[in-house]
Amino acid sequence: MPFLDTTSPAPAAENDGLPDFASSAYKSAYSRINAIVIEGEQEAHDNYIALGTLLPSEAEELARLARMELKHKKGFTACGANLGVEADMPFARDFFAPLRNNFQKALTEGKVVTCLLIQAILIEAFAISAYHIYIPVADPFARKITEGVVKDEYLHLNYGQEWLKANLDTIREEFDQANRDNLPLVRRMLDGVAADAAVLQMEKEDLMADFLTSYQEALTEIGFTSREIARMAAAALVG
Ligand SMILES: [Fe+2]
Ligand SMILES: [Fe+2]
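Focus: the packing of helix H6 (residues 168-199) against helix H8 (residues 226-238)
And step 1. One can describe the packing of H6 onto H8 by two numbers: an axis separation of 7 Å at closest approach and a directional angle of 45 degrees. With respect to H8, the axis of H6 lies oblique. For the pair H6 and H8, the crossing hand works out as right-handed. Residues Asp 176, Asn 179, Arg 180, Leu 183, Pro 184 and Arg 187 of H6 touch H8, and the partners they reach there are Met 232, Ala 235 and Ala 236.
And step 2. Among the residues forming the contact of H6 with H8, the class breakdown is 5 nonpolar, 1 polar and 3 charged.

Here it is, written out as structure tokens:
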């Protein structure tokens, strides 16, 4: 049984153990994390519009998803302003460059499976995990906005899942290669953001675990076998 020292002061109950949102360390980390989120939402918008050119019969639905991403971008821009933080957009554009380049290359080659894997599975699962882990440690303003956003991101993940599921017989080879090319990039992105995320009280292991959960659930839903999923998830380790 642990020894209880009843004389020591109670932990900072005034803010329920939340970070000090006004500290310079918090604001500095937030300027990069907030920028990543804003850039991520903008690129998600652009990617869904681009996907509509590959899937003309789906263009209207994809434009609807794209509009949600712009709404998210607006919300997160307000979160930064609310804390008096200026988002470091050049940092965020660099952060997304490898994944963006791969998406653009697949787009010019007409590879819809690769584009869907990058945006609707990997980026959406990455966003969902980041938002999940952020919500309990966010300031009240940002928490409310993020809770609304995360519901939409599930719709987007679901969109990708359903399309890939309907085409499972023909996608395996391209999906597997695209996964091997892009899953390691997501892991590197997590590594790259870990120090700033920790300042926001978001732990890297929690981010990774939540990401892998959403990612593996999506692969299950698409119809891959557990052996295929284990092999694909292992690409995160070897890339
Ligand atoms: Fe979004
Ligand atoms: Fe999304």
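Remarks on the environment of Trp 163
And step 1. Relative to the assigned elements, Trp 163 resides in helix H5 (residues 140-166).
And step 2. A C-alpha to C-alpha distance of 45 Å links Trp 163 and Ser 23, two positions 140 residues apart in sequence.

Some points on helix H7 (residues 204-222)
And step 1. Look at H7: 27 Å from first C-alpha to last across 19 residues, which is about the 27 Å you get at 1.5 Å a residue.
And step 2. Inspection of H7 places Leu 207, Phe 211, Ser 214, Tyr 215, Ala 218, Leu 219 and Ile 222 among the buried residues, and these make up the whole buried set. The buried residues of H7 occupy one face: seen down the axis, they fall within an arc of 135 degrees. Projecting away from the buried face of H7 at angles above 90 degrees are the exposed residues Glu 205 and Ala 209.
And step 3. Where the residues of H7 are buried, they touch helix H4 (112-134), H5, H6 and H8.
And step 4. Positioned one or two residues after H7, Gly 223 has a phi angle of 120 degrees, which is positive.

What to know about the packing of H4 against H7
And step 1. Where H4 meets H7, the closest approach of the two axes is 8 Å, and the angle between their N-to-C directions is 135 degrees. The pairing of H4 with H7 is recorded here as oblique in orientation. As H4 packs across H7, the resulting crossing turns out to be right-handed. The segment H4 lies against H7, with Ile 121, Ala 125, Phe 126, Ile 128, Ser 129, Ala 130, His 132 and Ile 133 engaging Asp 206, Leu 207, Asp 210, Phe 211, Ser 214, Tyr 215 and Ala 218.
And step 2. Taken together, the residues of the contact of H4 with H7 break down into 10 nonpolar, 3 polar and 2 charged.

Here we look at the environment of Ala 178
And step 1. Turning to its location among the elements, Ala 178 is positioned in helix H6.
And step 2. Among the residues examined, Ala 178 registers 22 C-beta atoms within 10 Å and is labelled buried.
And step 3. When neighbours within four sequence positions are excluded, Ala 178 is seen to be in contact with Val 113, Thr 114 and Leu 117.

Things to note about the nonpolar core
And step 1. By size, the foremost hydrophobic cluster in this structure holds 64 residues, and its most contacted members are Leu 116, Ile 121, Leu 122 and Ala 125.
And step 2. Breaking this core down by element, the ones donating at least two residues are helix H1 (24-54), helix H2 (59-83), helix H3 (89-108), H4, H5, H6 and H7.
And step 3. The element best represented in this core is H4, accounting for 18 residues.
And step 4. Contacts of Ile 121, omitting those with residues within four sequence positions, involve Leu 116, Leu 157, Gly 160, Tyr 215 and Ala 218.

Considerations on H6
And step 1. Within H6, the axis deviates most sharply at Val 193, by approximately 50 degrees.
And step 2. Taken together, the buried positions of H6 are occupied by Ile 171, Phe 175, Ala 178, Asn 179, Asn 182, Leu 183, Val 186, Met 189, Val 193, Asp 196 and Ala 197.
And step 3. Buried residues in H6 make contact with H1, H3, H4, H5, H7 and H8.
And step 4. Gln 201, located one to two residues past H6, shows a positive phi value of around 65 degrees.

The rules behind each value
- Residues numbered from 1 in each chain as written.
- Chains lettered and ligands numbered in written order.
- Predicted model: local features only at pLDDT ≥ 70, side-chain atom pairs only at ≥ 80, totals over all residues.
- Axes fitted to C-alpha atoms, helices over the stretch in contact; angles between N-to-C directions.
- Helix = DSSP H or I, 4+ residues; strand = E, 2+ residues; numbered from the N terminus.
- Parallel < 35°, antiparallel > 145°, perpendicular 65-115°, else oblique.
- Left-handed = near helix turned anticlockwise from the far one by under 90°.
- Contact = placed C-beta atoms within 7 Å.
- Nonpolar A, V, L, I, M, F, W, Y, C, P; charged D, E, K, R; others polar.
- Expected span 1.5 Å × (residues − 1).
- Buried ≥ 20, exposed ≤ 12 C-beta atoms within 10 Å, placed from the backbone.
- Arc of directions from axis to C-beta.
- Core = buried A, V, L, I, M, F, W, Y, C linked by C-beta atoms within 7 Å.
- Bend = angle between axes of the 7 residues up to and from the residue.

Bear in mind that shape data such as this cannot, by itself, settle questions of function.
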